[in-house]
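Each chain, written out:
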Amino acid sequence: MKKIFFALAAAALVAVSCNKEGGDDNKVKPLEATLELTTSVAELPYGQPTEILGTVTTTATLESYTLTAVKKVAEEYVAVGEAQTFAAEGNEMKVEFFADSKEMTDIEVVLRAGDKTAKFYFPATAAGELKGTFW
């Protein structure tokens with residue numbers, strides 16, 4: 001009887017401690033920021049690195065930038081490339097982005113500062129052919 005009581009008490013404790021509602025502690029909060037690119041990203045070379053420069057205006061301390069090739073479908077953006085994450089150093093963004101999908105219509109840039117994020121979209125396409133070979 002004691003074992004059953006102990007098991008039920010442990011299960012109740014686990015159930016109470018779980019945050020199944022996704023409360024405020026688990027939600028991503030919006031980051032108040034603006035991003036202005038100083039590099040044109042309208043047409044990027046496919047499969048080659050392109051330096052992208054930008055300036056972020058925010059009062060938060062940025063931790064990282066994540067750039068992803070996305071395709072706009074109706075009113076939503078769908079990832080068509082791999083997410084590429086870079087460490088942030090101050091508010092001047094300087095990254096080497098690989099346009100890894102010819103289907104892309106935009107670049108999604110996600111700024112992260114702690115548990116806060118801000119997303120920006122910039123029209124972009126990838127053109128050309130891959131250089132070299134893959135094994």
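A few points on the structure. On a predicted model such as this, the values are computed, not experimentally measured, just so you know. (Residues numbered from 1 in each chain as written. Predicted model: local features only at pLDDT ≥ 70, side-chain atom pairs only at ≥ 80, totals over all residues. Heavy atoms only, no water.)

Overview of the pattern of salt bridges
At step 1: Evaluated as defined, the whole model comprises four salt bridges.
At step 2: Lys-102 is paired through a salt bridge with Glu-129; the nearest N and O atoms lie 2.9 Å apart. Of the two residues, Lys-102 sits in the loop between strand E8 (92–98) and strand E9 (106–113) while Glu-129 sits in the segment after strand E11 (125–127), which places them 27 residues apart along the sequence.
At step 3: With a relative accessible area of 58%, Glu-129 lands in the exposed category.
At step 4: Of the charged contacts in the structure, one is a salt bridge between Glu-108 and Lys-119, with a shortest N-O distance of 4.0 Å. (Salt bridge = Lys/Arg side-chain N within 4 Å of Asp/Glu carboxyl O. Helix = DSSP H or I, 4+ residues; strand = E, 2+ residues; numbered from the N terminus. Buried < 20%, exposed > 50% of the residue type's maximum accessible area, 1.4 Å probe, protein only.)

What to know about the sheet that holds strand E2 (residues 34–37)
At step 1: Pairing in this open sheet of three strands is antiparallel, and the strands run E2-E4-E8 from one edge to the other. Both edges of this open sheet fall to E2 and E8, since each of them pairs with a single strand only. Within the sheet, the average angular offset between the axes of one strand and its neighbour, ignoring direction, is 35°.
At step 2: Bridge count for E2 against strand E4 (residues 49–57) is four bridges, and the pairing is antiparallel. Pairing of Leu-35 across the sheet is with Val-56, part of E4. (Pairing = 2+ DSSP bridges. Axes fitted to C-alpha atoms, helices over the stretch in contact; angles between N-to-C directions.)

Some words on the packing of aromatic side chains
At step 1: Scanning the entire structure with this criterion turns up one aromatic pair.
At step 2: Centre to centre, the rings of Tyr-77 and Tyr-121 are 3.8 Å apart; their planes meet at 10°, and the pair counts as stacked. Taken together, the positions of Tyr-77 in strand E6 (residues 76–79) and Tyr-121 in strand E10 (residues 116–123) put the pair 44 residues apart, joining distant regions of the chain.
At step 3: Judged by relative accessible area, which is 29%, Tyr-77 ranks as partly exposed.
At step 4: Residue classification places Tyr-121 among the partly exposed positions, given a relative accessible area of 28%. (Phe/Tyr/Trp six-rings, centres within 6.5 Å; stacked < 30°, edge-to-face > 60°.)

Things to note about the side chain of Thr-50
At step 1: Following the sequence through the fold, Thr-50 ends up in strand E4.
At step 2: A residue is classified by how much of its surface remains accessible, and Thr-50, at 14% relative accessible area, is buried.
At step 3: Setting aside chain neighbours within four positions, we find Thr-50 in contact with Leu-44, Pro-45, Val-95, Glu-96 and Phe-97. (Contact = heavy atoms within 4.5 Å.)

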